[in-house]
Structure formats: structure tokens, C-alpha cells
Amino acid sequence: MTFLDQTKTPPDVFLAFKLVFFVQLGRLARRTAIKPLKVAWPGAADLPKPDAELYAEFFGISVVETPLATLVFNTADFDRPFLTENHKIWLFFEPALRQRLTDLDRTASMVERVRSALLEALPAGEVSMKAIGKKLGTGTRTLQLRLQEEGTSFQQTLDAVRFALADHYLRKTMMSSAEIALLLGFEDANSFVRAFRGWTGTTPQSVRRQGEASQ
């Protein structure tokens, strides 16, 4: 797995997430416990033993280290069709489904729409109001007014999404502050730590220790 943008190296946790996603997609779509022949990514050799064991349990094999994130499937598994594949049924249902999506788009609050857009955009660092407005097909002025009408602001919504994700990552994963900062769209770990202290009055490390103590 390679990326068109070669200017920045993606974090190891992002690569692992992508490989987990592809394997799980194959298993769900084919209703088969597909086990890849090889799973590898840079930095896999440095995984803590508990994390390495969890990955091995999920994939069915131990992960290894390679310069590029890699998945190798058995040809027979790779060629299996998605069990939901049916073009005639899709052509029948597609108009109604698209209408339903349009209706949901109209009824969802602006806060809900912004949150959804942020969840997709944060790992890429697209956290500006202009970038989110473009994803939602609305101008920044309109976006700002709609959020004000719902009793919030873009910055408050962004902070709430970032805090919820940060709290989850700190309590449920072993990701470093630098990795979490990248996934939340911060420029560096220091920016993340400062923001987290502003949200909670404490540090990410303190929250992680609390999570470890409660386990």
C-alpha cells in the first residue's frame, strides 16, 4: 500500500488501521473467516507484546515488518465475490436509497453533519471551517450561522469531537501522544497536549494512567 502524497510518512497506527479495515471488509462482505497469508507494515517489529498478540489473534497470523504496508491474500479468497453483489437489485433500490440519504441530509442538524465530516477529515488535518464547509456543500458564513442557531460554534464542535476521540485513544489504546495528535489533526504532540490541558485541566498522561488503573 502506497500513497500518492510522498511528502509525509503516514504513522504506523494509520497503516495498521487500513490493513485491519481491508481484512474485516473482506470477511464481512464474503461471510468467510478469511485469513491473509501475510500482514506487514513499518514498525510492526516494535509493537508491544500485548498489541502484537491482539493483532495476531485478529489476523490469524503474526504481523511482520516491511518497508511498505502489505497484505497478501490467497488467490481463492481474493476472487470470492461479495455476497451482496447483485446489479439488478441495486438498480432497483438505488433511487430510493439516494432519496433517503437526501432526506436524512435535510433532517440532520448542522452539528451532526459537522461532526460526521470532522470524523472523516481529522486524520488528514482538514480541520478548517472552510474545508468542512466545502465537504458539506455550504459556505463558511452559512455554516457559522447554522451552528450559532443550534447553540454552538465550529470551534466548540471541533473541540468536542477531538476530546471524545482523544479520551477514547488514551483509555483504550497504547498510541503515543504524537500518534494521537496526528489522528486529531494537530501539527504536533505539543499542540495536542496544550489543547487537552485546556479541555480538561489535566494532561493526556494523567488520563492514560487513570484508564490503566481502572482496568
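Predicted model only: the values in this text are computed from it and were never measured. (Residues numbered from 1 in each chain as written. Predicted model: local features only at pLDDT ≥ 70, side-chain atom pairs only at ≥ 80, totals over all residues. Heavy atoms only, no water.)

## Thoughts on the overall build of the chain
When helices and strands are counted, the chain shows eleven helices and two strands. The order of helices and strands in the chain, counted from the N terminus, is α-β-α-β-α-α-α-α-α-α-α-α-α. Within the chain, the proportion of its 215 residues that are buried is 31%. In the chain, the share of contacts with a sequence separation of at least 24, taken over all contacts with a separation of at least 6, comes to 61%. When the accessible surface of the chain is totalled, it reaches about 13900 Å², and 57% of it is carbon and sulfur. Side-chain charges of the chain comprise 27 positive and 24 negative groups, with the mean position of each set lying 3 Å from the other. (Helix = DSSP H or I, 4+ residues; strand = E, 2+ residues; numbered from the N terminus. Buried < 20%, exposed > 50% of the residue type's maximum accessible area, 1.4 Å probe, protein only. Contact = heavy atoms within 4.5 Å. Areas by Shrake-Rupley, 256 points an atom, 1.4 Å probe, with all protein chains shown as cover. Lys, Arg positive; Asp, Glu negative; His and termini not counted. Charge placed at Lys NZ, Arg CZ, Asp CG, Glu CD.)

## Side note on the packing of aromatic side chains
Enumeration according to the criterion identifies eleven aromatic pairs in this entry. Between Phe 73 and Phe 78, the aromatic rings sit 6.2 Å apart at their centres with planes inclined by 40°, giving tilted as the arrangement. For Phe 73, a relative accessible area of 22% translates into the label partly exposed. Overall, the relative accessible area of 57% leaves Phe 78 in the exposed class. Ring plane angle 65° and centroid distance 6.1 Å describe the contact between Phe 196 and Trp 199, whose orientation is recorded as edge-to-face. Note that Phe 196 and Trp 199 are positioned in helix 10 (residues 189-200) at a spacing of three residues, about one turn of the helix. Trp 199 sits in the partly exposed class, given a relative accessible area of 25%. Counting every residue linked through ring pairs, the aromatic cluster contains Phe 163, Phe 186, Phe 192, Phe 196 and Trp 199. One residue, Arg 27, lies across the ring of Phe 58, its end atom 4.8 Å from the ring centre. The cationic tip of Arg 162 hangs over the ring face of Phe 186; the distance from NZ or CZ to the ring centre is 3.8 Å. (Phe/Tyr/Trp six-rings, centres within 6.5 Å; stacked < 30°, edge-to-face > 60°. Lys NZ or Arg CZ within 6 Å of the ring centre and 35° of its normal.)

## Observations concerning the packing of helix 1 (residues 12-30) against helix 2 (residues 49-59)
Viewed as axis vectors pointing N to C, helix 1 and helix 2 meet at an angle of 25°, and their least axial separation amounts to 11 Å. Classified by the interaxial angle, the pair formed by helix 1 and helix 2 is roughly parallel. Handedness of the helix 1/helix 2 crossing: left-handed. Of the residues in helix 2, those in contact with Ala 16, Leu 19, Val 20, Val 23, Gln 24 and Arg 27 of helix 1 are Tyr 55, Phe 58 and Phe 59. Residue composition of the contact of helix 1 with helix 2, grouped by class: seven nonpolar, one polar and one charged. (Axes fitted to C-alpha atoms, helices over the stretch in contact; angles between N-to-C directions. Parallel < 35°, antiparallel > 145°, perpendicular 65-115°, else oblique. Left-handed = near helix turned anticlockwise from the far one by under 90°. Nonpolar A, V, L, I, M, F, W, Y, C, P; charged D, E, K, R; others polar.)

## Considerations on the side chain of Arg 162
Tracing the backbone shows Arg 162 in helix 8 (residues 154-172). There is no salt bridge for the buried Arg 162, and the closest opposite charge comes from Asp 159, which lies 5.0 Å off by N-O distance. (Salt bridge = Lys/Arg side-chain N within 4 Å of Asp/Glu carboxyl O.)

## Overview of a nonpolar patch on the surface
A surface patch of nonpolar side chains, amounting to about 530 Å² of accessible area, comprises Met 1, Phe 17, Phe 21, Phe 22, Leu 25 and Phe 82. On the basis of relative accessible area, Leu 25 is assigned to the partly exposed category, the value being 35%. (Patch = residues over 30% accessible without salt bridge, like charges linked within 9 Å, V, L, I, M, F, W, Y side chains within 5 Å.)

## Quick notes on the confidence of the model for the chain
Of the residues in the chain, 91% reach a pLDDT of 70 or more, and the chain-wide mean stands at 86. Here helix 4 (residues 87-107) stands out as the least confident element of the chain, with mean pLDDT 68; strand 1 (residues 38-40) is the most confident, with 96. (pLDDT = per-residue confidence, 0-100.)

## What about the pattern of salt bridges?
Within the structure shown, the criterion is met by three salt bridges. A salt bridge links Lys 135 to Glu 126, with the shortest nitrogen-to-oxygen separation between them at 3.8 Å. Residue class for Glu 126 comes out partly exposed when judged on its relative accessible area of 35%. Of the charged contacts, one joins Asp 167 and Arg 171 as a salt bridge, the two residues approaching to 2.9 Å between their closest N and O atoms. With Asp 167 and Arg 171 both in helix 8, this residue pair falls four residues apart, about one helical turn. With a relative accessible area of 29%, Arg 171 lands in the partly exposed category.

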